[in-house]
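# Structural features, examined
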Amino acid sequence: MAILNILEYPDPRLRTKAQPVDVVDDELRRLAADMLETMYAAPGIGLAATQVDVHRRMLVADISEEQDTPHIFINPEILERRGTEVMEEGCLSVPGYYESVTRSEWIRVRALNLEGAPFEMELDGLLAVVVQHEMDHLEGKLFVDYLSDLKRQRIRKRIEKGRRQREPATAGAL
């Protein structure tokens, strides 16, 4: 397994719409394992393949404290939604920022598992929010898209400033 590089906003690759998975094979299972390892190391509770620059419709999630209840959704689709709830969200691709986002409080999802078999699952609470958040990534959408233009611009400027400060100086140092 390997820790993968997580793309950070405003990287344009995060806006790429993921393509459906045609075949569930060992390569895809390896990607799922790498994504879980990357998510746990970050640390996070959800990760979409788009965030690691793989534009396939797959996401992983684990909201357990012990990090021992991984969920893998291949080609996920929401079949039904109910209710709304507002929850503070963060994102591994927008590190250090948390904002309130309105999502469905209950969803029914259909996806494939790592054997390629279809399954359906009813989700509520935090896991429902995480799956909706990660499915947005598969559509090229980020949680900052739910915010006002002003908030989004402020976050983008702070992230870009932080990135410049982290980059080593390359000019004229002897």
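A count of helical and extended segments in the protein chain gives 3 helices and 7 strands. Reading the helices (α) and strands (β) of the protein chain from amino to carboxyl end gives α-β-β-β-β-β-β-β-α-α. Expected size for 174 residues packed as a compact globule is a radius of gyration near 16 Å; at 17 Å, the protein chain falls within 12% of this value. For the protein chain, the spread of C-alpha atoms along the principal axes amounts to about 60 × 40 × 30 Å. Long-range contacts, defined here as pairs at least 24 residues apart, represent 66% of the contacts in the protein chain between residues at least 6 apart. Here the protein chain displays about 9600 Å² of accessible surface, and carbon together with sulfur accounts for 48% of that area. For the protein chain, the distance from the average position of its 23 positive side-chain charges to the average position of its 31 negative side-chain charges is 9 Å.

With that out of the way, let us pick up helix α3 (residues 149-166). Here α3 spans 26 Å end to end across 18 residues, near enough to the 26 Å set by a 1.5 Å rise per residue. Within the sequence span of α3, burial applies to Arg-152, Ile-155, Ile-159 and Gly-162. Seen end-on, α3 carries its buried residues on one side only, within an arc spanning 100 degrees. Facing away from the buried side of α3 by more than 90 degrees, the exposed set consists of Lys-157, Arg-164 and Gln-165.

Moving on to a nonpolar patch on the surface. Taken together, the side chains of Ile-45, Ile-63 and Leu-126 define a hydrophobic patch exposed on the protein surface, amounting to about 210 Å² of accessible area. Within the secondary structure, Leu-126 is located in helix α2 (residues 125-138). According to the relative accessible area criterion, Leu-126 is partly exposed, its value standing at 36%.

Attention shifts here to the pattern of salt bridges. The tally for this structure, following the rule as stated, stands at 18 salt bridges. Between Arg-13 and Asp-53 there is a salt bridge, and its shortest N-O distance comes to 3.1 Å. You can see Arg-13 sitting in the segment before α1 (26-41) and its partner Asp-53 sitting in the loop between β1 (46-48) and β2 (58-61), a full 40 residues away along the chain. For Arg-13, a relative accessible area of 37% gives the class partly exposed. Beyond isolated ion pairs, a larger network of salt bridges with shared partners links Glu-77, Glu-80, Arg-82, Arg-108, Arg-110 and Glu-120.

Further remarks concern unusual backbone geometry. Omega for the peptide link from Tyr-9 to Pro-10 comes to 10 degrees, which places this bond in the cis form. Structurally, the position occupied by Pro-10 is in the segment before α1. Residue Pro-43 is bonded to the preceding Ala-42 through a cis peptide linkage, with omega at -10 degrees. Structurally, the position occupied by Pro-43 is in the loop between α1 and β1.

With that settled, the discussion passes to the sheet that holds β1. Here we have 5 strands laid out as an open sheet, ordered β1-β2-β3-β6-β7, and antiparallel in their pairing. Whereas interior strands pair on both sides, the edge strands pair on one side only; in this sheet they are β1 and β7 (118-124). With strand direction ignored, the average angle separating the axes of adjacent strands in the sheet is 40 degrees. In terms of strand pairing, strand β3 (residues 71-82) meets strand β6 (residues 106-112) through 6 bridges, oriented antiparallel. Residue pairing across strands places Ile-74 opposite Leu-112, the latter belonging to β6. Against the sheet, α1 touches β1, β2 and β3, its axis set at about 40 degrees to β2.

The rules behind the values
Residues numbered from 1 in each chain as written. Predicted model: local features only at pLDDT ≥ 70, side-chain atom pairs only at ≥ 80, totals over all residues. Heavy atoms only, no water. Helix = DSSP H or I, 4+ residues; strand = E, 2+ residues; numbered from the N terminus. Rg over C-alpha atoms; globule rule 2.2 N^0.38 Å. Contact = heavy atoms within 4.5 Å. Areas by Shrake-Rupley, 256 points an atom, 1.4 Å probe, with all protein chains shown as cover. Lys, Arg positive; Asp, Glu negative; His and termini not counted. Charge placed at Lys NZ, Arg CZ, Asp CG, Glu CD. Expected span 1.5 Å × (residues − 1). Buried < 20%, exposed > 50% of the residue type's maximum accessible area, 1.4 Å probe, protein only. Arc of directions from axis to C-beta. Patch = residues over 30% accessible without salt bridge, like charges linked within 9 Å, V, L, I, M, F, W, Y side chains within 5 Å. Salt bridge = Lys/Arg side-chain N within 4 Å of Asp/Glu carboxyl O. Pairing = 2+ DSSP bridges. Axes fitted to C-alpha atoms, helices over the stretch in contact; angles between N-to-C directions.

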